[in-house]
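Fold and contact review
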Amino acid sequence: MFYPLLLNLICTINVEANTTIPTKFNWCDHNGTNYCTMNRNQHIPQYCGSCWAHATLSSLADRIKIDRGGKGIDINLSVQHVLNCGNAGSCKGGSIDDIYKWLKDLSDSTGSGVTYESSNPYMACSRDIDYGICPLLSWECVPENIARTCSTYPYNNGRCIGLTHYPNATISDYGYVSGVDAMKKELMNGPISCELDDIGLFNYTRGILEQRKNSTNINHAISVVGWGNEINKSYWIVRNSWGEYWGNMGFVNIAFGSFMIESHCSWATPGTYTLNNYPCYEGGENCLGSVQPKNPIKPNNLLKKNTGQALYIIIIILMTISIVYLYRKNRDQLTPKRYKNYSSI
């Protein structure tokens, strides 16, 4: 889910003009090397309409892997950092363009970028969500919601700390493309994120997914990692963000011209990314940005939480009283009566 782009934007192509475009191309299997990073699931630990963030950060992470020649441990970027701070959307939808604009502005102004997943794991929450675990915690853009660590156990004075030093990735450029030819050319630089109509995706299992009726509603974002051709039918190789249980291990092949997939795509060029970190202590004491309160529940939700606990206790007390009352009322029926022996009279 995301906010569709309202303006026609000029396409910027990085690839050389004389580059030969092959009939098949796949970054997940390019000359025997997999340049694709992990497959994500936006729907756990609870539903969150953050496909726009998953698609863009997955494509960027792939491009970082390409830049590294496919060597080393994969760098996976924090979707939760974007939800907390990106101003590009929320769990109710967002923009595949605004996220790169935010990251470019952050990169230029601070020299820092989006944190790695291990410093801020995905919680499927944003400030505007009032269900599940989201109302119990703060999702404001503060240091502990950018990168954090939590030391030992709370009863041993453990605490959560926002970090001043953390691995992160920046971008040096970003842009937009649309149409088959422009998408192919840009894909030669690395995966891209694209908008589409998800109407055909829900029950997809295998094969090439082709549009059977006209799409009218762009409501989802995915990352395109390449293209292929089978029996004279060309298709895009698409990584979704619904987990590997879905589709073909989280992927789907979408026929050219289907579901408005060629209408608008975005890309970003990696800038700097951390390979040698500033070594923080286990508890983060030498990288102290801010300390999370021991009770992280937001004040406006505290009353709700305490009220719920009080009602629960009252119900338990009333149930206990009822059981005792019923037991005493029926005690004579529950216990065998003792009769006098009148047989001798």
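For the structure itself, consult the block above.
The rules behind each value
- Residues numbered from 1 in each chain as written.
- Predicted model: local features only at pLDDT ≥ 70, side-chain atom pairs only at ≥ 80, totals over all residues.
- Heavy atoms only, no water.
- Disulfide = S-S within 2.5 Å.
- Helix = DSSP H or I, 4+ residues; strand = E, 2+ residues; numbered from the N terminus.
- Patch = residues over 30% accessible without salt bridge, like charges linked within 9 Å, V, L, I, M, F, W, Y side chains within 5 Å.
- Areas by Shrake-Rupley, 256 points an atom, 1.4 Å probe, with all protein chains shown as cover.
- Salt bridge = Lys/Arg side-chain N within 4 Å of Asp/Glu carboxyl O.
- Pairing = 2+ DSSP bridges.
- Phe/Tyr/Trp six-rings, centres within 6.5 Å; stacked < 30°, edge-to-face > 60°.
- Buried < 20%, exposed > 50% of the residue type's maximum accessible area, 1.4 Å probe, protein only.

We now examine the state of the cysteines. Under the counting rule described, the total for this entry stands at 7 disulfides. Sulfur-sulfur distance for the disulfide between Cys85 and Cys141 comes to 2.1 Å. Disulfide Cys85 to Cys141: torsion about the S-S bond roughly 105 degrees, handedness right-handed. In this pair, Cys85 is assigned in helix α2 (residues 79-85) and Cys141 in the loop between β4 (114-115) and β5 (148-150), connecting sequence segments 56 residues apart. This cysteine, Cys51, is not joined by any disulfide, and Cys48 carries the nearest cysteine sulfur, 9.1 Å off.

Together, Ile314, Ile317, Leu318 and Ile321 make up a nonpolar patch on the protein surface, roughly 380 Å² of accessible area in all. With respect to the helices and strands, Leu318 occurs in helix α5 (residues 299-329).

Here we take up the pairing of strand β13 (residues 265-273). The sheet contact formed by strand β7 (residues 168-177) and β13 spans 7 bridges and is antiparallel. What sits directly across from Asp173, in β13, is Thr269. Sheet topology places strand β8 (residues 192-196) next to β13; 2 bridges connect them, and they run antiparallel. Pairing of Ser193 across the sheet is with Ser266, part of β13.

Here we take up the environment of Thr269. Secondary-structure assignment places Thr269 in strand β13. In this structure the C-alpha to C-alpha distance between Thr269 and Ser172, which are 97 residues apart in sequence, comes to 5.7 Å.

The next thing to look at is the packing of aromatic side chains. Evaluation of the coordinates by the stated rule reveals 10 aromatic pairs. Judged by centre distance (5.5 Å) and plane angle (90 degrees), the ring pair of Trp27 and Tyr35 falls under edge-to-face. We note that Trp27, like Tyr35, is buried. Measuring from ring centre to ring centre gives 5.3 Å for Tyr153 and Tyr155, while their planes differ by 0 degrees; the resulting arrangement is stacked. By way of ring pairs, the aromatic residues Phe25, Trp27, Tyr35, Trp227, Trp236 and Phe256 are connected into one cluster.

Everything listed here is a matter of geometry and, on its own, says nothing about what the molecule does.
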